[in-house]
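Take a look at the letters that make up each chain.
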Amino acid sequence: MTTTDGPAPMPDSETPAPLTPGRRRLGSRTAALDAGGDRTLGRLAAARVLVVGAGGLGAPVVAYLAGSGIARLTIVDPDVVDPSNLARQTLFTAADVGRPKAQVAAERAAAVDPECRVDAVVERFHAGFVAGHDVVVDAADSLLVTRAVSDACAAEHVPFVWGSALGYDGQVTVFDDRVVDFHDLHPDVQPDEGSCALDGVLPALCGAVGSVMAAQVTALVAGLGEPLLGRVLSVDARRWHWTESPLRRGPASHRPALDAPSEDAVLPRIAPSALAARIADPADDVLVVDVRTPEERAQGVVSGAVPPEDLPADDGRDVVVVCARGPRAVAWATAAIAFGRSAVVLDGGMQAWEREGLPTI
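The rules behind these values
- Counting restarts for each chain: residues are numbered from 1 in the order of the written sequence.
- Totals for whole chains, interfaces and linings use all residues, but because this is a predicted model, local features are given only for residues with pLDDT of at least 70 and pairs of side-chain atoms are given and counted only at 80 or more.
- Processing note: side-chain calculations cover all non-hydrogen atoms of the structure and skip hydrogens and water entirely.
- Whenever Lys or Arg places a side-chain nitrogen within 4 Å of a carboxyl oxygen from Asp or Glu, that contact is recorded as a salt bridge.
- For every residue, the accessible area obtained with a 1.4 Å probe (protein chains only) is divided by the maximum for its type, and the residue is called buried under 20%, exposed over 50%, and partly exposed between those limits.
- What counts as a helix is a DSSP run of H or I of at least four residues, what counts as a strand is a run of E of at least two, and both are numbered from the N terminus.
- Given a helix with a known number of residues, its expected span is that number minus one, times 1.5 Å.
- By definition in these notes, contact holds between two residues if any of their heavy atoms fall within 4.5 Å.

A short note on the pattern of salt bridges
Using the criterion set out here, one finds 20 salt bridges in the structure. Across the salt bridge formed by Arg117 and Asp119, the nearest N and O atoms sit 3.1 Å from each other. By relative accessible area, Arg117 is classed as partly exposed at 41%. A salt bridge links Asp236 to Arg239; the shortest N-O distance between them is 3.8 Å. Of the residues examined, Asp236 reaches a relative accessible area of 19% and is grouped as buried. Within this structure, Asp96, Arg99, Glu107 and Arg108 form a network of salt bridges that share partners.

A few points about helix H6 (residues 143-156)
Helical geometry note: an α-helix holds 3.6 residues per turn, so side chains three or four residues apart project in the same direction. The end-to-end C-alpha distance of H6, which contains 14 residues, comes to 20 Å, matching closely the 20 Å that a straight helix rising 1.5 Å per residue would cover. With respect to burial, H6 is a largely interior element, 11 of its 14 residues being buried. Every buried residue of H6 is listed here: Leu144, Val145, Thr146, Arg147, Ala148, Val149, Ser150, Asp151, Ala152, Cys153 and Ala154. Elements that come into contact with the buried residues of H6 comprise strand S2 (48-52), strand S5 (135-138), strand S6 (160-166) and helix H7 (182-185). His157 occupies a position one or two residues after H6 and carries a positive phi of about 55 degrees.

The structure is reproduced here in structure tokens:
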């Protein structure tokens, strides 16, 4: 297992890889399927998969792909493990809190299959990561990230598996720009709405959606089942009711211009409990800027938070931006970054902070 700044391109190959005794044992139950056999295991053993996001969806994806016998697994995620993740992000334990998610996920995957090349990329997704992979899994659960993944995959002619889970609702599908793509499902460029920190998510929903996403990878690279290309599978976890809807490319369909927001607008976020821990650490001189109105701030603020007009000059300290739910913080942080100042957004805003019972002054 390695940690890297990004994957190096690898040559395409449709030739099944030779199978070692370890790979045969690992794939014995897969080989026993009516569509299995050595050729299927060989295709898996030659497959190179990029997973974007190691959170609630990425955790089951990585867990199942790690045991599938694939050749190479690259995991991209800029975040660290937070205690609030543990209920649904099943790769992690309490001992992993504070560690990079991508690195921990890569360690778990490498422990399952030592023959798999596993790379951890502890940074935000960018288009250069797609080259050299046969399939991309978008498990970031962000419209902004998906837009960037969609364009990068289209440029490389690489299919990608997409999933989403929020509240009780989940979706899974497969995109390939040569047939149907993300812009056919969401033709307008829109910001993210809602978050697990604010709106919640049923932990088991993440596992269900992530498992289907992992199955789509094996369908694409090894022919195990039919990919959800041109079909969107939705689940209502209140009743566990699954429905399927067709998705087709219309005659006027086109890839929208990415004038705003772009992949560069995919801002890093921090969980409320993680920010609380940083504020409580006397050695961590984090700056919190609260961009809400004076009336909102009068109802309670995070300890040490200042309004934008009182923010000191950039002295290199980390800045966390706070609003009620998140959109105003994203807008402020985006503008700050445009002027060269780094900023992180409080995930779910003050509503998520108060929901977790964290103190205000």
